[in-house]
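The primary structure of each chain is shown beneath.
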Amino acid sequence: GSESIVMAVKAYRDFAHKTKPHITEPEILIPATAHAAFEKAAHYFGLKTVHIPVTGRYEVDVEKMRAAISVNTILLVGSAPNYPQGVMDPIEALGELAIEADIPLHVDACLGGFIIPFIEKLGYDIAPFDFRVKGVTSISADVHKYGYAAKGASVLLFRDESLRRSQYFAY
């Protein structure tokens, strides 16, 4: 799971280098409840993390995220659900913010990516968290949790190829 998050952050760092070369101190905005892999990735790739407080319901506070956006922000993050409490961040509102601010939005669905669609299919009212939400540019999902794959297996999905190209490393 950590690998898909680390690779997403690497892709956005490299994408920002190409598309926003004026940013010299890139930062990512993450909920206080975000998985530790975002901190690990930021450390590896020389990025600053800005921790966004959560509401009393343990959802990221979208207005506080809006207020935290700066000229250095290269990525917004939301969780579906978050790791500590299992609460869904308001991905639709984050998607609107991402579009408004012209900043990519990564959804950490490592925990829920292979179970939320089935909960929805059973008829439960689950807010969309995936590419149905405009503004979502990538999603990480662990197949080793509910996908019945080997431990550590995870996938990283991108909305479009230009972002995916930034993930690659060649030697």
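In what follows, the structure referred to is the one given above.
Residues numbered from 1 in each chain as written. Predicted model: local features only at pLDDT ≥ 70, side-chain atom pairs only at ≥ 80, totals over all residues. Heavy atoms only, no water.

1. Considerations on the overall build of the protein chain
We apply this condition: Going along the chain from the N terminus, every DSSP run of H or I of four or more residues is numbered as a helix, and every run of E of two or more is numbered as a strand. Here the globule rule is a power law, 2.2 Å times the number of residues to the power 0.38, and the radius of gyration is based on C-alpha atoms. For every residue, the accessible area obtained with a 1.4 Å probe (protein chains only) is divided by the maximum for its type, and the residue is called buried under 20%, exposed over 50%, and partly exposed between those limits.
A tally of regular secondary structure across the protein chain gives six helices and six strands. Radius of gyration (C-alpha) of the protein chain: 15 Å, near the 16 Å computed for a compact globule of 171 residues. Taken along its principal axes, the extent of the C-alpha atoms in the protein chain is 45 × 40 × 25 Å. Within the protein chain, the proportion of its 171 residues that are buried is 47%.

2. Concerning the packing of aromatic side chains
Let me state the cut-off plainly: In this scheme Phe, Tyr and Trp rings, the latter by its six-membered ring, pair at centre separations within 6.5 Å, and the angle between planes marks the pair as stacked below 30 degrees, edge-to-face above 60, and tilted otherwise.
For the coordinates displayed, the defined rule picks out two aromatic pairs. For the pair Tyr 44 and Phe 45, a centre-to-centre distance of 6.4 Å together with 85° between the ring planes defines the contact as edge-to-face. Classification of Phe 45 by relative accessible area gives buried; the value is 19%.

3. Re the pairing of strand E5 (residues 136–142)
To keep things clear, this is the line we draw: Here, any two strands with at least 2 DSSP bridges between them count as paired. Assignment of crossover handedness uses the view with strands pointing away from the viewer, where a clockwise path from the first strand over the helix to the second indicates a right-handed crossover.
E5 sits mainly inside the fold: seven of its seven residues count as buried. Taken together, the four bridges between strand E4 (residues 105–108) and E5 define a ladder with parallel strand orientation. Counted as the bridge partner of Val 107 is Ile 139 from E5. Crossover connection from E4 via helix H5 (residues 116–121) to parallel E5: handedness right-handed. Judged from the five bridges that link them, E5 and strand E6 (residues 154–158) form a sheet pairing that is antiparallel. Within E6, the residue paired with Ile 139 across the bridge is Leu 157.

4. A short note on the environment of Val 60
What counts is decided by this rule: Residues count as neighbours in contact if any of their non-hydrogen atoms are within 4.5 Å of one another.
The topology assignment puts Val 60 in the loop between strand E2 (48–52) and helix H3 (62–68). Using a relative accessible area of 2% as the deciding quantity, one classes Val 60 as buried. Taking the C-alpha atoms as reference points, Val 60 and Leu 94, 34 residues apart in sequence, are found 9.2 Å from one another. In this view, Val 60 contacts Pro 31, Ile 52, Pro 53, Val 54, Thr 55, Met 65, Asp 89, Pro 90 and Leu 94; residues no more than four positions away in its chain are not counted.

5. Description of the nonpolar core
Operational definition: As used here, the term nonpolar core means buried Ala, Val, Leu, Ile, Met, Phe, Trp, Tyr and Cys residues forming a set that is joined through side-chain atoms within 4.5 Å.
Core analysis: the biggest nonpolar cluster contains 25 residues, and Val 9, Ile 28, Phe 38, Leu 47, Ile 74 and Leu 75 have the highest contact counts within it. Elements with a contribution of two residues or more to this core: helix H1 (2–19), strand E1 (27–31), helix H2 (37–45), strand E3 (73–79) and E6. Excluding its chain neighbours within four sequence positions, the residues that come into contact with Ile 74 are Tyr 12, Arg 13, Ala 16, Ile 23, Pro 26, Glu 27, Ile 28, Leu 47, Ile 103 and Pro 104. One finds Leu 29, Ile 52, Ala 98 and Ala 109 within the second-largest nonpolar core, a separate group that totals 21 residues.

6. Remarks on unusual backbone geometry
Excluding glycine, residues mostly carry a negative phi; peptide bonds, for their part, are mostly trans. A cis geometry characterises the amide bond from Ala 80 onward to Pro 81, with omega recorded as -10°. Relative to the helices and strands, Pro 81 resides in the loop between E3 and helix H4 (91–101). One non-glycine residue, Tyr 58, lies in the positive phi region at around 70°. Assignment of secondary structure puts Tyr 58 in the loop between E2 and H3.

7. Focus: the sheet that holds E1
Under the convention used in this document: Comment: axis = line fitted to C-alpha atoms, over the contacting stretch for helices; angle = value between 0 and 180 degrees taken between N-to-C directions.
A sheet is described by the order of its strands in space; here six strands give the open sequence E2-E1-E3-E4-E5-E6, paired in mixed fashion. Across the chains shown, the open sheet's two edge strands, defined by having one partner strand only, are E2 and E6. Across this sheet, the average inter-strand angle for adjacent strands is 20°, counted without regard to direction. Across the face of the sheet, H1 comes into contact with E1, E3, E4, E5 and E6 while running at roughly 30° to E6.

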